[in-house]
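# Understanding the architecture of this molecule
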Amino acid sequence: MIQTLHIVPEYNEDLIYPAICKSMEALNIAADLRPEMKIVIKPNMVMAKSPDFPATTHPLVVKAVIRWLREQGMQHITIAESSGGLYNAEAMKHVYHVCGMDALSPEAELNMDFSAQTVNCPSGFKNHSFHLITPIVEADYIINICKLKTHAMTGYSGGIKNLFGTIPGLEKPQMHYRWPEIEDFSNMLLELAQTVSPQLTVMSLVKNIKQEMHIKMMYNITTFKNVFQYQMSNFNNAKTTI
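Residues numbered from 1 in each chain as written. Predicted model: local features only at pLDDT ≥ 70, side-chain atom pairs only at ≥ 80, totals over all residues. Heavy atoms only, no water.

## Considering the packing of aromatic side chains
- Taken as a whole and judged by the stated rule, the model has two aromatic pairs.
- Between Tyr-87 and Phe-114 the ring centres are 5.0 Å apart and the planes differ by 85°, which places this aromatic pair in the edge-to-face class. Here the residue Tyr-87 occupies a position in the loop between strand 3 (76-79) and helix 3 (89-98), and Phe-114 occupies one in the loop between strand 4 (109-110) and strand 5 (116-120), the gap between them amounting to 27 residues.
- What makes Tyr-87 buried here is its relative accessible area of 11%. (Phe/Tyr/Trp six-rings, centres within 6.5 Å; stacked < 30°, edge-to-face > 60°. Helix = DSSP H or I, 4+ residues; strand = E, 2+ residues; numbered from the N terminus. Buried < 20%, exposed > 50% of the residue type's maximum accessible area, 1.4 Å probe, protein only.)

What follows is the structure, given as structure tokens:
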């Protein structure tokens, strides 16, 4: 697994964008892209929270990825997410606005298609299919941009857990009811991740370091290429940039 780490001192576009460029170059992402592709960016917008609250993907990280994609000639870029509540126009417009994503339009389109489609899983999965939001199903290239953070059930939320937001709205609680135990729920998430199979994952985190009686903020930008095409126990062939 190829892995690199980029640390920037603050959420600042002038600092984040060079880190994203280095990550994309290290993974040779440009070679995978064609201008006519439908590219879908899946951020974490689990709830309507300000970017200052470390619960959702910071819009400056998404903006840096969009900027890089545009410079590669990408023409069709959509931001799509199903948050923890209702999945409809009124609810998602509010989430887009509070999370700061509406500021990224028109460089990227904010998804307003709230339909979903059933996608069959690979043979041998306990889940025979998943009901996924349409932009994810119809995408040619999926970029999963998540926030690494703690989670009450799974311990932490990263690239795999973020893909739970590809299941529409209030269908997500049904998955909790179906898989109430942590091991079964986690296995469901692995099957979901392998079914969605994003081509690229970008993960940011805010790390608190107690040093000389004050808190120093460090912002890590992490990217993964094709990791969900492999079982969790076999990442040797995956490309990772941190």
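## Quick notes on unusual backbone geometry
- Geometrically, the link from Ser-105 to Pro-106 is a cis peptide bond, its omega value of 10° lying close to zero.
- With respect to the secondary-structure elements, Pro-106 resides in the loop between helix 3 and strand 4.
- Phi is positive for Asn-28, close to 55°, though the residue is something other than glycine.
- Position of Asn-28 among the secondary structure elements: in the loop between helix 1 (13-27) and strand 2 (38-43).
- Overall, the relative accessible area of 44% leaves Asn-28 in the partly exposed class.
- Notably, Ser-197 is not glycine yet its phi reads approximately 50°, a positive angle.
- Take Ser-197: it is sitting in the loop between helix 7 (182-196) and strand 10 (200-211).
- Judged by relative accessible area, Ser-197 falls into the buried class, the value being 18%.

## So, the packing of helix 1 against helix 2 (residues 59-71)
- It is the contact of helix 1 with helix 2, at a shortest axis distance of 9 Å, that shows an interaxial angle of 55°. Compared by their axis directions, helix 1 and helix 2 come out oblique. Judged by the twist between their axes, the crossing of helix 1 over helix 2 is right-handed. Residue-level inspection shows Glu-13, Ile-16, Tyr-17, Ile-20, Cys-21 and Met-24 of helix 1 in contact with helix 2, the latter providing Leu-60, Val-61, Lys-63, Ala-64, Val-65, Arg-67, Trp-68 and Glu-71.
- Its residues placed into classes, the contact of helix 1 with helix 2 shows 10 nonpolar, no polar and four charged. (Axes fitted to C-alpha atoms, helices over the stretch in contact; angles between N-to-C directions. Parallel < 35°, antiparallel > 145°, perpendicular 65-115°, else oblique. Left-handed = near helix turned anticlockwise from the far one by under 90°. Contact = heavy atoms within 4.5 Å. Nonpolar A, V, L, I, M, F, W, Y, C, P; charged D, E, K, R; others polar.)

## Some thoughts on the side chain of Asn-111
- Counting through the fold element by element, Asn-111 comes out in the loop between strand 4 and strand 5.
- Within the structure, the side chain of Asn-111 is placed 3.2 Å from the side chain of Tyr-87, a separation counted as a polar contact. (Polar contact = N/O pair within 3.5 Å; in protein donor to acceptor, adjacent residues only side chain to side chain.)

## Some thoughts on helix 2
- For helix 2, which comprises 13 residues, the first-to-last C-alpha distance of 18 Å matches the rise-based estimate of 18 Å (1.5 Å per residue) to within 8%.
- Residues Pro-59, Val-61, Val-62, Ala-64, Val-65, Ile-66, Trp-68 and Leu-69 constitute the buried set of helix 2. (Expected span 1.5 Å × (residues − 1).)

## Topic: helix 1
- In this model helix 1 runs 21 Å from its N-terminal to its C-terminal C-alpha over 15 residues, within 8% of the 21 Å that 1.5 Å per residue would give.
- Here helix 1 has its buried residues at Ile-16, Tyr-17, Ala-19, Ile-20, Ser-23, Met-24 and Leu-27. Seen from one end, helix 1 has its buried residues packed into an arc of 165°, which puts them on one side. Those residues of helix 1 that are exposed and angled more than 90 degrees off the buried face are Asp-14, Lys-22 and Glu-25. (Arc of directions from axis to C-beta.)

## Quick notes on the confidence of the model for the protein
- A residue-level look at the protein finds 81% of positions with pLDDT of 70 or above and a mean pLDDT of 84.
- The low-confidence segment residues 208-218, where pLDDT is below 50, has 18 contacts with residues more than four positions distant or belonging to other chains.
- Counting contacts from residues 226-242, a segment whose pLDDT is below 50, to residues more than four positions away or on other chains yields 57 contacts. (pLDDT = per-residue confidence, 0-100.)

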